[in-house]
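Chain and residue survey
Here are the chains, one letter per residue:
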Amino acid sequence: MVFLLLFPRFYPDIFYNAIDVPTTLFFTLSVAYFMHYASSEGPSDVPEVEKHNNISSRRVRTLKYVFKSILFGFILAITINQRLILFYLPILNAIYLFFNRKTFKEFLTSQFLILTSLFLFLHLTHPYLFTHPITGIFDIVNSAKQYPWNAAVLFDGQFYQAGVTPLPWYYLLKTMLITIPPIVIVLFIIGNIRILYKIIKIQIVKTVSSTPGVGMLPISYLLSLIYIPLILNFIFKPTLYD
């Protein structure tokens, strides 16, 4: 978060659009709560002694697990309502939970609770989806892809009309390299190299119990939060104007 506050294109720009401030807040909240949710105890973590001798303790654990799943679905719904492109979060979270699962039954249960809560609150907190529960999501996606913006954007010494003349494919990457502080870019590259090195080393050694592998799943998850939006930008080609 400290690095983000040092980004000239992050901290100042979130005040230009009123929706950017809550979007930043809820995105950070959803990621932080997911890391807490993924590391918390589930019903399958009940010790054998409690499974046979303390039924009330098992019920409390199960109720807490259900409540946390529903709450996480609610947080995701609020976050996605800020920016529809964040729909990749439930998919990414499901992949993480699958590899981090205790039991397959618990994984399916958590996904059912999270997705049910997500779609329920997604419609309850969005006026258009509430009135168009079936076609609303598709209408919003089509509307976002055709976002009208005809103002000129100065890039590489010439003006582009973002909504008419598409900006070059490298526009986003080049503007990021220009505006991100050099020290952050250097540290980001070093961190990526170290993470990839550890992942490759684990695959070669064929062990997950060695020290280099500890905590690689959370790190890979957080790293993917950076790459996936860039990949989606190249796939869907939304209107870029800033």
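Structure first, text after, so check above.
Residues numbered from 1 in each chain as written. Predicted model: local features only at pLDDT ≥ 70, side-chain atom pairs only at ≥ 80, totals over all residues. Heavy atoms only, no water.

1. Examining the overall build of the protein chain
The cut-off we apply is this: Secondary structure counts use DSSP, requiring at least four H or I residues in a row for a helix and at least two E residues in a row for a strand, with both numbered from the N terminus. Only protein chains enter the accessibility calculation, which uses a 1.4 Å probe; a residue is then buried when its area is under 20% of its type maximum, exposed when over 50%, and partly exposed in between. Whether two residues touch is decided by their heavy atoms; if any such pair falls within 4.5 Å, the residues are in contact. A 1.4 Å probe and the Shrake-Rupley method give the accessible areas. Residues count as covered only by the protein chains that appear here.
Helix and strand counts for the protein chain come out as 11 helices and 2 strands. Each helix (α) and strand (β) of the protein chain, taken in turn from the N terminus, gives the series α-α-α-α-α-α-α-α-β-β-α-α-α. Looking at the protein chain as a whole, 31% of its 242 residues are labelled buried. Taking the intrachain contacts of the protein chain between residues at least 6 apart in sequence as the baseline, contacts between residues at least 24 apart amount to 62%. Carbon together with sulfur atoms contributes 72% to the accessible area of the protein chain, which is approximately 15,600 Å² in total.

2. Overview of the pairing of strand S1 (residues 152-155)
This is how it is decided: Paired strands, as defined in this entry, are two strands with at least two bridges between them according to DSSP.
Side-chain alternation along S1 places Val153 and Phe155 on a buried face and Ala152 and Leu154 on a face that remains uncovered. Linking S1 to strand S2 (residues 158-161), which pair antiparallel, is a turn of 2 residues; within it Asp156 sits at a positive phi near 55 degrees.

3. Notes on empty space enclosed by the protein
Inclusion rule: For cavity detection a 1 Å grid was placed over the protein atoms alone, and a set of points counts as a cavity when a 1.4 Å probe fits there but cannot get out; an open set counts as a pocket when protein lies on both sides within 12 Å along at least five of seven lines, with lining residues being those that have an atom within 4 Å of a point. Grid points are joined across faces, edges and corners, and a volume is the space filled by probe spheres set on the points. Throughout this entry, Asp, Glu, Lys and Arg are counted as charged residues, while Ala, Val, Leu, Ile, Met, Phe, Trp, Tyr, Cys and Pro are counted as nonpolar. The remaining residues, Gly among them, count as polar.
This structure, assessed with the given rule, holds 1 cavity of 30 Å³ or more. Each pocket or cavity is described by its volume, and for the largest cavity that value is around 140 Å³. Looking at the largest cavity, the residues that line it are Tyr37, Ala38, Ser40, Glu41, Tyr65, Leu97, Asn100, Arg101, Lys102, Glu106, Phe107 and Ser110. Elements represented by at least two residues in the lining of the largest cavity include exactly helix H2 (20-39) and helix H6 (104-124). The residue makeup of the lining of the largest cavity, split by class, is 5 nonpolar, 3 polar and 4 charged.

4. Let's talk about the nonpolar core
Going by this rule: What makes a nonpolar core is a set of buried Ala, Val, Leu, Ile, Met, Phe, Trp, Tyr and Cys residues whose side-chain atoms join them at distances within 4.5 Å.
Phe34, Leu97, Tyr221 and Leu225 are the most contacted members of the largest nonpolar core, which totals 25 residues. Residues Val153, Phe155, Leu167 and Tyr171 belong to the second largest nonpolar core, which totals 5 residues.

5. Brief notes about the packing of helix H5 (residues 88-99) against helix H11 (residues 216-236)
Each pair of packed helices can be described by the angle between their axes along with the distance between the axes. Using the following cut-off: Under this scheme, a helix contributes an axis fitted over its contacting stretch, all axes are lines through C-alpha atoms, and angles between N-to-C directions fall in the 0 to 180 degree range. Here roughly perpendicular refers to angles of 65 to 115 degrees, roughly parallel to angles under 35, roughly antiparallel to angles over 145, and oblique to all remaining angles. Less than a right angle of anticlockwise turn of the near helix away from the far helix marks a crossing as left-handed, whereas a clockwise turn marks it as right-handed.
Running from N to C, H5 and H11 point in directions that differ by 155 degrees, and their axes come no closer than 11 Å. With respect to each other, H5 and H11 are oriented roughly antiparallel. Remark: the crossing between H5 and H11 carries right-handed chirality. Judged by residue contacts, Tyr88, Leu89, Leu92, Asn93, Tyr96 and Phe99 of H5 engage Leu217, Pro218, Tyr221, Ser224, Leu225, Ile228, Pro229 and Leu232 from H11.

6. What about the side chain of Thr23?
Where we set the bar: Side-chain atoms alone can form a polar contact between residues adjacent in sequence; in general such a contact is a pair of N or O atoms within 3.5 Å, and within protein one must be able to donate a hydrogen while the other accepts it.
Considering the arrangement of structural elements, one finds Thr23 in helix H2. At a separation of 3.5 Å, a polar atom in the side chain of Thr23 contacts the side chain of Gln82. Beyond its immediate stretch of four places on either side in the chain, Thr23 contacts Gln82 and Arg83.

7. Topic: helix H9 (residues 171-179)
Quick note on the threshold: Taking the helix axis as origin, the arc is that swept by the directions to the C-beta atoms.
If you check which residues of H9 are buried, you get Tyr171, Thr175 and Thr179. Axial view of H9: buried residues confined to an arc of 50 degrees, hence all on one face. At its buried positions, H9 is contacted by S1.

8. Remarks on H2
Put simply, the rule reads: In this analysis, the expected span of each helix is defined as 1.5 Å times one less than the number of residues it contains.
With 20 residues, H2 should cover 28 Å at 1.5 Å per step; its first-to-last C-alpha distance of 29 Å lies within 8% of that length. Here H2 has its buried residues at Asp20, Thr23, Thr24, Ser30, Val31, Tyr33, Phe34, Tyr37 and Ala38.

9. Quick word on the packing of H2 against H5
Where H2 contacts H5, the two axes come as close as 12 Å, and the packing angle between them is 20 degrees. One element, H2, and the other, H5, form an angle in the roughly parallel class. As H2 packs across H5, the resulting crossing turns out to be right-handed. In contact with Phe27, Ser30, Phe34, Met35, Tyr37 and Ala38 of H2, H5 contributes Tyr88, Leu89, Asn93, Tyr96 and Leu97.

10. A word on the packing of aromatic side chains
Inclusion rule: Two rings from Phe, Tyr or Trp (for Trp, the six-membered ring) form a pair when their centres are within 6.5 Å of each other. A pair whose planes differ by under 30 degrees is stacked, one over 60 is edge-to-face, and the rest are tilted.
Applying the stated rule across the entire model yields 18 aromatic pairs. Aromatic side chains Phe87 and Phe119 sit 6.3 Å apart centroid to centroid with 40 degrees between the ring planes, which places their arrangement in the tilted category. Of this pair, Phe87 sits in the loop between helix H4 (55-82) and H5 while Phe119 sits in helix H6; the two residues are 32 residues apart in sequence, bridging distant segments of the chain. Judged by relative accessible area, which is 35%, Phe119 ranks as partly exposed. Ring geometry for Phe155 against Tyr171: centres 4.9 Å apart, planes inclined by 75 degrees, an arrangement best described as edge-to-face. Residue Phe155 is located in strand S1, and its partner Tyr171 is located in helix H9; the two are separated by 16 residues in the primary sequence. Of the residues examined, Tyr171 reaches a relative accessible area of 4% and is grouped as buried. Here the aromatic residues Tyr33, Phe34, Tyr37, Tyr65, Phe72, Tyr96 and Tyr221 are joined through ring pairs into a cluster of three or more.

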